[in-house]
Amino acid sequence: MTENYLNTLAEGIDVPCDLQMPKEPPEWLDKQKFERGRECFKQYPFSVLMSNFRNLVIGLSVPNLCDLLVLTQKSETRKKAFSRYMDTSYYMIRWLLGPPPWENKGVFDIVNGYHNEAAGKFRSMTRNERHEAAIEKLAQLPDGDKIPLDDPLDQALIRNLKDYREEVFGSQTFSIYQKYMTSDVIFSQFDMAMVQAAFFASVVVFPECFGAGSCSNEYFDDFLHMWEVFGYYLGVEDKYNLA
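Residues numbered from 1 in each chain as written. Predicted model: local features only at pLDDT ≥ 70, side-chain atom pairs only at ≥ 80, totals over all residues. Heavy atoms only, no water.

In terms of regular secondary structure, the chain is built from 12 helices and zero strands. Reading the chain from its N end, one meets helices and strands in the order α-α-α-α-α-α-α-α-α-α-α-α. In summary, the chain has a C-alpha radius of gyration of 19 Å against a globular reference of 18 Å for 243 residues, a match within 12%. Considering the chain as a whole, with its 243 residues, one finds that 40% of them fall into the buried category. Within the chain, contacts between residues at least 6 apart in sequence are counted, and of these 81% link residues at least 24 apart. (Helix = DSSP H or I, 4+ residues; strand = E, 2+ residues; numbered from the N terminus. Rg over C-alpha atoms; globule rule 2.2 N^0.38 Å. Buried < 20%, exposed > 50% of the residue type's maximum accessible area, 1.4 Å probe, protein only. Contact = heavy atoms within 4.5 Å.)

This is the structure:
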């Protein structure tokens, strides 16, 4: 990914996604390539699903995403988060194996409906207001649902991550990340692109780590085209579509 494209992507931080289903397929749709992308998933299902799960869990560490998940009250406990990601897997499998979106948009309508409901409730709040509200929601949880903050293994992991950051990056700052962390916009084009990438980025960039080392670049290109189509139907504009 070039620096110019990263800058283009960063422009989407303050651009709200309209979360509307397109009425027509994209002009660039290649149906045969899309079907080959599905075959790629069928050949490496475990690799794709494990990389997806990893990235979705990582998303919980991004405050802009985590705050929203807490406020929807569908992911603020371990039990709810597990249930939500099982639902996410269900919808993703239906995308990957069900009718293509230009034939049946039902599953995309459901997901876009969830996004529109949350956007309608929380877009009027500033980032700081959402963050404070999320902290309050977590504080109100019953003791049995609260995640301990003093677990020795968690504390060791946090220390290791801090040490790694200092060793690798030192005092280096990242302007795009800082811009993202101060934006008041939720369900932005940048948000949607990041969530979209969670479903394909790791297995494509690090295939050997997920058991897909034998997958060819051509096959991955087909897989990415499939996700480019999915992103289109979730409202991601072409210039922000990471696939």
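Tallying each qualifying case throughout the model produces six salt bridges. For Asp 222, the salt bridge identified is with Arg 36, shortest N-O distance 3.1 Å. Here the residue Asp 222 occupies a position in helix α12 (residues 217-233), and Arg 36 occupies one in helix α2 (residues 31-43), the gap between them amounting to 186 residues. What makes Asp 222 buried here is its relative accessible area of 6%. With a shortest N-O distance of 3.6 Å, Glu 117 and Lys 121 are connected by a salt bridge. Of this pair, Glu 117 and Lys 121 are both found in helix α6 (residues 106-122), four residues apart, which corresponds to roughly one turn of the helix. Each of Lys 33, Arg 36, Asp 221 and Asp 222 takes part in one network of salt bridges that share partners. (Salt bridge = Lys/Arg side-chain N within 4 Å of Asp/Glu carboxyl O.)

This part is about helix α5 (residues 78-97). Under the 1.5 Å per step criterion, the end-to-end length of α5 is 28 Å for 20 residues, consistent within 8% with the ideal 28 Å. Looking at α5, one finds that the buried residues are Ala 81, Tyr 85, Thr 88, Tyr 91, Met 92, Trp 95 and Leu 96. Viewed along the axis of α5, the buried residues span an arc of 135°, placing them on a single side of the element. The exposed residues of α5 that point more than 90 degrees off its buried face are Lys 79 and Phe 82. (Expected span 1.5 Å × (residues − 1). Arc of directions from axis to C-beta.)

Right, let's talk about the nonpolar core for a bit. What tends to happen in soluble globular proteins is that the nonpolar side chains get buried as a cluster. In terms of nonpolar packing, the biggest core is built from 58 residues, with Trp 95, Phe 187, Phe 223, Trp 227 and Phe 230 touching the most fellow members. Residue contributions to this core peak at nine residues, all from α12. Setting aside residues no more than four positions away along its own chain, Trp 95 makes contact with Arg 38, Val 107, Phe 108, Val 111, Trp 227, Phe 230 and Leu 234. (Core = buried A, V, L, I, M, F, W, Y, C linked by side-chain atoms within 4.5 Å.)

It is the contact of helix α3 (residues 45-59) with α5, at a shortest axis distance of 12 Å, that shows an interaxial angle of 140°. It follows that α3 is oblique to α5 by the angle criterion. Judged by the twist between their axes, the crossing of α3 over α5 is right-handed. Mapping the contact onto sequence places Leu 49, Asn 52 and Leu 56 in α3 and Tyr 85, Thr 88, Met 92 and Ile 93 in α5. Along the lines of polarity and charge, the residues of the contact of α3 with α5 split into five nonpolar, two polar and no charged. (Axes fitted to C-alpha atoms, helices over the stretch in contact; angles between N-to-C directions. Parallel < 35°, antiparallel > 145°, perpendicular 65-115°, else oblique. Left-handed = near helix turned anticlockwise from the far one by under 90°. Nonpolar A, V, L, I, M, F, W, Y, C, P; charged D, E, K, R; others polar.)

On to α3. Side chains of residues three or four places apart in an α-helix project in the same direction, reflecting 3.6 residues per turn. The end-to-end C-alpha distance of α3 is 21 Å, a good match for the 21 Å that 15 residues give at a rise of 1.5 Å each. Buried residues of α3: Ser 47, Val 48, Ser 51, Asn 52, Asn 55, Leu 56 and Gly 59, and no others. The arc that holds the buried residues of α3, viewed along the axis, is 155°, so those residues lie on one side. Buried positions along α3 lie against α2, α4 (63-71), α5, α10 (189-197), α11 (201-205) and α12.

A grouping of Tyr 164, Val 168, Phe 169, Phe 174 and Tyr 177 is seen on the molecular surface, where their side chains present a nonpolar patch of about 500 Å² in accessible area. In terms of residue count, helix α8 (residues 152-169) provides more of the nonpolar patch than any other element does, three residues in total. Within the fold, Tyr 177 resides in helix α9 (residues 175-182). Its relative accessible area of 47% is what places Tyr 177 among the partly exposed residues. (Patch = residues over 30% accessible without salt bridge, like charges linked within 9 Å, V, L, I, M, F, W, Y side chains within 5 Å. Areas by Shrake-Rupley, 256 points an atom, 1.4 Å probe, with all protein chains shown as cover.)

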